[in-house]
Amino acid sequence: MAAKRIMVVDDEPDILESVSAALEKEGYDVVTAGDGRECLRKLERGKKPDLILMDFFMPGMSGREAIERIRRDPKFGGVKIVYMTVAEFRERGLQSIRDLGVKCCINKPISVEDLIKKVGSSLRK
Amino acid sequence: MSKKSAFEALKSSQVTLLLVPGESYNSSILKTLKKASKRYSKVLYVALNRPASKIVSEFKKAGIDPARFYFIDTVVDGMKACKRMKNCESVGANELVELSVRIGEVIGRIKPDLVIVDSFHTMQAYQEREVIARLAHDLIAKIDTSGCKGLFPLLAADRDAPLTKDLEMFVDYVAELK
């Protein structure tokens, strides 16, 4: 069976590197993007990922805006999305996250154990 | 968007984003502040649009007691006047780290009941949206810790702007003045 494909979107190169390394060690096929715009460009051109790990605070286009655009495009239907952020959303924000079908949030600083557990459970849902 | 009035929203929510019509921006905010100043005895006003000295003269005309307010003035034109005021300190609008630290320090020192930032959208002239959203997020964490309330007015015309949508993720309520 082909490895599940995960796109990691974050403007911090260290996070991209460490999260990618942890996921690749678990056998996932990982692609990265440095911001919301690059994420959308790579989605348009490349193979559809099974799951996107999305940062919130990014220059140019926030994770929220990137997720809204992904959800508006039927080509990307079925792609699972998980936030990976330092942001603490209030109930209103959490509701809008649920409305966009975002599976869960991974809090920064990232624990590898939490990352692997949440990625695995989000892919199974 | 909202069925509560701005003042009701402020009473029932900890952090409120307030959409204000552009044609009556100053007068609408003054009306809300007049009510708020009767309920809240210490208000921290972060002035990003207009100098604090100008806001104080508007307060006096509107019958609002400026002594209940403490100002952080980021408007270059207001810095000299701010230095002459007892309840005002100035920070350069592009010194965001300094601004964030100073807001936190003032919240800790004067223990306000209410913090007003007027308005984050003004900062877009010289700061990235991401940086402003981070500042707002950090400020809301400080508001949470101190237990006071936060009111962030912005132009109703900016309701669909990406920064507004980002800020909505961190507030309890979005109210709109008619």
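Refer to the structure presented above.
What you are looking at is a predicted structure, and each value in this text was computed from that prediction instead of being measured.

**Student:** Give a detailed account of the sheet that holds strand β3 (residues 69-73) of chain B, specifying residues and quantitative values.
**Tutor:** Residues and elements named next belong to chain B. Reading across the sheet, the seven strands line up as β4-β3-β2-β5-β6-β1-β7 and stay open at both edges, with parallel pairing between neighbours. Either end of the sheet is taken by a strand with one partner, and the two such strands are β4 (88-90) and β7 (173-176). Pairs of neighbouring strands in the sheet enclose a mean axial angle of 20°, with direction left out of account. Where helix α2 (residues 25-39) meets the sheet, it contacts β1 (15-20), β2 (43-47), β3, β5 (114-118) and β6 (149-155), and its direction lies at approximately 165° from that of β6.

**Student:** Account for the pairing of strand β2 (residues 29-33) of chain A, naming residues and giving values.
**Tutor:** All names here are of chain A. Where strand β1 (residues 5-9) lies against β2, five bridges are found, and the strand directions are parallel. Pairing of Met7 across the sheet is with Val31, part of β2. Taken together, β1, helix α1 (residues 13-25) and β2 form a β-α-β motif whose crossover is right-handed.

**Student:** Can you break down the nonpolar core residue by residue, with the values?
**Tutor:** With 60 residues, the main nonpolar core has Met54(A), Tyr83(A), Leu44(B), Leu99(B), Phe120(B) and Phe152(B) as its most contacted residues. When neighbours within four sequence positions are excluded, Met54(A) is seen to be in contact with Val9(A), Cys39(A), Gly63(A), Ala66(A), Ile67(A), Ile70(A), Ile81(A), Val82(A), Tyr83(A) and Met84(A). Core analysis: the next-biggest nonpolar cluster, separate from the first, contains 31 residues, Phe7(B), Ile64(B), Phe71(B) and Ala175(B) among them.

**Student:** Can you explain the state of the cysteines? Please cite residues and give values.
**Tutor:** Counted under the stated rule, the structure contains one disulfide over all chains. The disulfide bridge from Cys82(B) ends at Cys88(B), spanning 2.2 Å between sulfur atoms. Residues Cys82(B) and Cys88(B) are joined by a disulfide whose S-S torsion is about -110°; by sign, that bridge is left-handed. Across this residue pair, the class does not change: Cys82(B) and Cys88(B) are buried. Cys105(A) supplies the cysteine sulfur nearest to Cys39(A), a cysteine that is in no disulfide, at a spacing of 16 Å. The structure places no disulfide on Cys148(B), whose sulfur is separated from the nearest cysteine sulfur, that of Cys88(B), by 18 Å.

**Student:** Please provide a residue-by-residue account of the interface of chain A and chain B, values included.
**Tutor:** Contacts between chain A and chain B engage 20 residues on the former and 19 residues on the latter. Each partner contributes to the roughly 1600 Å² buried at the junction of chain A and chain B, and carbon and sulfur atoms together form 49% of this total. In terms of surface lost to chain B, no three residues of chain A exceed Phe57(A), Arg90(A) and Arg92(A), which account for 48% of the buried area on that side. Where chain A packs against chain B, one counts five salt bridges. Here chain A is connected to chain B by 13 residue pairs in polar contact (both at pLDDT 80 or more). A total of four residues in the side of chain A that touches chain B trace back to one element, the largest contributor, which is helix α4 (residues 91-99) of chain A. Residues that form the side of chain A that touches chain B fall into these classes: 10 nonpolar, four polar and six charged.

Procedures and definitions
- Residues numbered from 1 in each chain as written.
- Chains lettered and ligands numbered in written order.
- Predicted model: local features only at pLDDT ≥ 70, side-chain atom pairs only at ≥ 80, totals over all residues.
- Heavy atoms only, no water.
- Pairing = 2+ DSSP bridges.
- Helix = DSSP H or I, 4+ residues; strand = E, 2+ residues; numbered from the N terminus.
- Axes fitted to C-alpha atoms, helices over the stretch in contact; angles between N-to-C directions.
- Contact = heavy atoms within 4.5 Å.
- Right-handed = clockwise from strand over helix to strand, strands pointing away.
- Core = buried A, V, L, I, M, F, W, Y, C linked by side-chain atoms within 4.5 Å.
- Buried < 20%, exposed > 50% of the residue type's maximum accessible area, 1.4 Å probe, protein only.
- Disulfide = S-S within 2.5 Å.
- Buried area = accessible area lost by both parts, 1.4 Å probe.
- Salt bridge = Lys/Arg side-chain N within 4 Å of Asp/Glu carboxyl O.
- Polar contact = N/O pair within 3.5 Å; in protein donor to acceptor, adjacent residues only side chain to side chain.
- Nonpolar A, V, L, I, M, F, W, Y, C, P; charged D, E, K, R; others polar.

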